[in-house]
Structures are given as C-alpha cells and as structure tokens.
Amino acid sequence: MRVTDADSRRRTIVWRARHDGEVEVTALAAELAVSPETVRRDLRALEELGLVRRTHGGAYPVESAGYETTLASRTVRHVPQKARIAAACAELIGEAETVFIDEGYTPQLIAEALPRDRPLTVLTASLAAASVLAGRDNTQVLLLGGRVRGGTLATVDHWATDMLAGFVIDLAYVGANGISRERGLTTPDPAVGHVKARAMRSARRRIFAGIHTKFGAVSFCRFAEVRDFEAIVTDTSLPANEAHRYALLGPQVVRA
C-alpha cells in the first residue's frame, strides 16, 4: 500500500512501532511503498516529536502519557540484556537487609537474582516480583497495597505510598520508562511516579536498572534526578562515552 500523505504515513509508523516494539527502515519502506529516505525523514520528524527513538536501521517507540508497554510485552524483548542487568544489580546488594523492588520485568528478574542464603525483607508494588519471592525460606515479602494496574500488575495510589512512608529501606532497585541527563528519570503515569518517588525518599541507597533503550528517552512524569542514584546498571549497548557522561553526574555506571 502506498501512503503518500506524510501525516497518515507517520501515524502508521508509530502504530507499527508500538505494535511490534521496533521497526526497520527497509521493512517500512516496502510496506508503505515509499523510499527508505522518505522513511528516514519520517523517523527524524517522529523523533523530534518524542514519539520514537531512532536506531541504526530503524526505531523503537517512546513511552508517553498516551502509550505504555505492558509487562507481557516486556518479557519478550531484550531478555538476555535484562538478565545480565539483573545479575549485576544483585551483586551490588552489599549488606542490605531490607530491599524495595520496583514494578517491571527487569526488577522482576532482579527479584529472582537476589541471594537466597541470607535473610531479606523485600517490599514491592509488583505482584510478579512478590510471587517470585513468596516461596523462599529466607525472604519475607511485603506487598504494597493499592489499585492494581492491569498492564503492569503493580499497585499504585495512596495506599502504596502511605505504606512506603512508614519504612526506612536499605536499598531500592528502581526502574523508569526513560532516563535523561537533562530531564532525569520519567514514567508515563503520575500514580506510578508517586510510588517511585516515595520509594526513593524511603531508601538509604538507590540503584537504577534499565536497558540502553531507556537512555535519552523522556516520558511524562519526572520522579528523580540522575544524581539521586549511587549506581546505574545497564547493558553494553549503551556507548561507553554516553555512560561516562552519566557517571559525571555522580552515579557509578555499570554496563553488564
């Protein structure tokens, strides 16, 4: 099908990126019956609007107030990288006895990677993370109450934040939909942002965990600054020079 109207073509590209998780220039050019250069111009325009992030040969969608990926979709993308990040995060636990685990698939993998040979108390808003840990002999799990978001299977609203406010937590593993040196850490949903911000305030130590696609992306609600973290753990697809720029703001940057 040839789509000559730029607005219609770009809406199709955004839809395809959100549906598939990423798009390739050559495939889009064939689908839309336009030249690869036309697709590249469209992707540049969509990136300026904050709807996609370009990669070599394609693009992936940026999560925003109007669009957020589900937990189910996250379990099939970049899984090897997320597993390496989770393992590296678990190695940074130090002497922590009380741990907060954020919502999301990478935090769920962190929960699986936590040590089993020592007593731990884990607070989490994630039903998935709670189920991973609930059967462990040495782990006590406190699931935050509140409204359950269907897409991510995590609790939010004042029940969750009020519960978090009553604790002093040794270490928080925190995720985000976007991390930017200029805009900090962001998420599409204000209710989620409030839970993350409350966990940040309750924790003595804070570690950000996220794959390279999160970097440079900006979503709707800011809940933290880069300098608020002792460490940032990501994968090796984040260029070393970009990792260095984040390290200059304060955190140790680990590329697993």
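For the structure, see preceding data.
Residues numbered from 1 in each chain as written. Predicted model: local features only at pLDDT ≥ 70, side-chain atom pairs only at ≥ 80, totals over all residues. Heavy atoms only, no water.

A. Region of interest: the pattern of salt bridges. Per the stated rule, a full pass over the model turns up 18 salt bridges. Residues arginine 16 and glutamate 31 are paired through a salt bridge, measuring 3.3 Å at the closest nitrogen-oxygen approach. You can see arginine 16 sitting in helix 1 (residues 6-20) and its partner glutamate 31 sitting in helix 2 (residues 25-32), a full 15 residues away along the chain. Given the relative accessible area of 27%, glutamate 31 is considered partly exposed. Between arginine 222 and glutamate 225 there is a salt bridge, with the nearest N and O atoms lying 3.8 Å from each other. Where salt bridges share partners, they join Arg181, Glu182, Glu242 and Arg245 into one cluster. (Salt bridge = Lys/Arg side-chain N within 4 Å of Asp/Glu carboxyl O. Helix = DSSP H or I, 4+ residues; strand = E, 2+ residues; numbered from the N terminus. Buried < 20%, exposed > 50% of the residue type's maximum accessible area, 1.4 Å probe, protein only.)

B. Structural detail: the packing of helix 1 against helix 2. Contact geometry for helix 1 and helix 2: axes closest at 12 Å, N-to-C directions at 130°. Here helix 1 is positioned oblique relative to helix 2, judged by the angle of their axes. In this structure, the crossing between helix 1 and helix 2 has a hand that is right-handed. Listed contacts from helix 2 to Arg9, Thr12, Ile13 and Arg16 of helix 1 are Leu28, Glu31 and Leu32. Tallied by class, residues from the contact of helix 1 with helix 2 come to three nonpolar, one polar and three charged. (Axes fitted to C-alpha atoms, helices over the stretch in contact; angles between N-to-C directions. Parallel < 35°, antiparallel > 145°, perpendicular 65-115°, else oblique. Left-handed = near helix turned anticlockwise from the far one by under 90°. Contact = heavy atoms within 4.5 Å. Nonpolar A, V, L, I, M, F, W, Y, C, P; charged D, E, K, R; others polar.)

C. Inspection of the packing of aromatic side chains at higher detail. Tallying each qualifying case throughout the model produces three aromatic pairs. Above the face of the tyrosine 246 ring, arginine 181 is positioned so that its terminal group lies 5.7 Å from the ring centre. (Phe/Tyr/Trp six-rings, centres within 6.5 Å; stacked < 30°, edge-to-face > 60°. Lys NZ or Arg CZ within 6 Å of the ring centre and 35° of its normal.)

D. Spotlight on the nonpolar core. Ranked by internal contacts, the top residues of the largest apolar core, which has 30 residues, are Phe100, Leu164, Ile179, Leu185 and Phe208. Within the residue set of this core, elements represented by two or more residues are helix 8 (158-165), strand 9 (169-174), helix 9 (190-202), strand 12 (203-209), strand 13 (221-224) and helix 10 (240-247). Counting residues per element, this core draws most heavily on helix 9, at six residues. If sequence neighbours within four positions are ignored, leucine 185 has contacts with Ala176, Gly178, Ile179, Phe208, Cys221, Arg222, Phe223, Ala224, Glu225, Val226 and Phe229. (Core = buried A, V, L, I, M, F, W, Y, C linked by side-chain atoms within 4.5 Å.)

E. A look at the sheet that holds strand 12. Here we have seven strands laid out as an open sheet, ordered 6-5-4-9-12-14-15, and parallel in their pairing. A single partner strand is all that each edge strand has here, and the edge strands are strand 6 (139-143) and strand 15 (252-255). Taken over all neighbouring pairs, the strand axes of this sheet differ in orientation by 20° on average, direction set aside. Summarising the sheet, strand 14 (residues 231-234) and strand 15 pair through four bridges and their orientation is parallel. Within strand 15, the residue paired with alanine 231 across the bridge is glutamine 252. Relative to strand 14, helix 5 (residues 79-91) is tilted by about 150°, and along the sheet it contacts strand 9, strand 12, strand 14 and strand 15. (Pairing = 2+ DSSP bridges.)

F. Quick look at unusual backbone geometry. We note that alanine 33 has phi near 60°; this positive angle belongs to a residue other than glycine. For alanine 33, the location among the structural elements is in the loop between helix 2 and helix 3 (36-48). The backbone of aspartate 157 sits at a positive phi, close to 80°, despite the residue not being glycine. On the secondary structure map, aspartate 157 appears in the loop between strand 8 (154-156) and helix 8.

G. Examining the sheet that holds strand 2 (residues 52-55) more closely. Strand order in the open sheet formed by three strands is 1-3-2, and the pairing between neighbours is antiparallel. The open sheet terminates on both sides in strands that have one partner only, identified here as strand 1 (23-24) and strand 2. Pairing of strand 1 with strand 3 (residues 58-61), which is carried by two bridges, proceeds in the antiparallel orientation. If you follow glutamate 24 over to strand 3, its bridge partner there is glycine 58. Against the sheet, helix 3 contacts strand 2 and strand 3, and its axis sits at roughly 135° relative to strand 2.

H. Looking closely at the pairing of strand 4 (residues 98-101). The sheet contact formed by strand 4 and strand 5 (residues 120-124) spans four bridges and is parallel. The residue of strand 5 that forms the bridge with isoleucine 101 is threonine 124.

I. Just the environment of arginine 11, in detail. With respect to the helices, strands and loops of the structure, arginine 11 is situated in helix 1. Overall, the relative accessible area of 56% leaves arginine 11 in the exposed class. Taking the C-alpha atoms as reference points, arginine 11 and leucine 46, 35 residues apart in sequence, are found 9.3 Å from one another. Within the structure, the side chain of arginine 11 is placed 3.2 Å from the side chain of serine 8, a separation counted as a polar contact. (Polar contact = N/O pair within 3.5 Å; in protein donor to acceptor, adjacent residues only side chain to side chain.)

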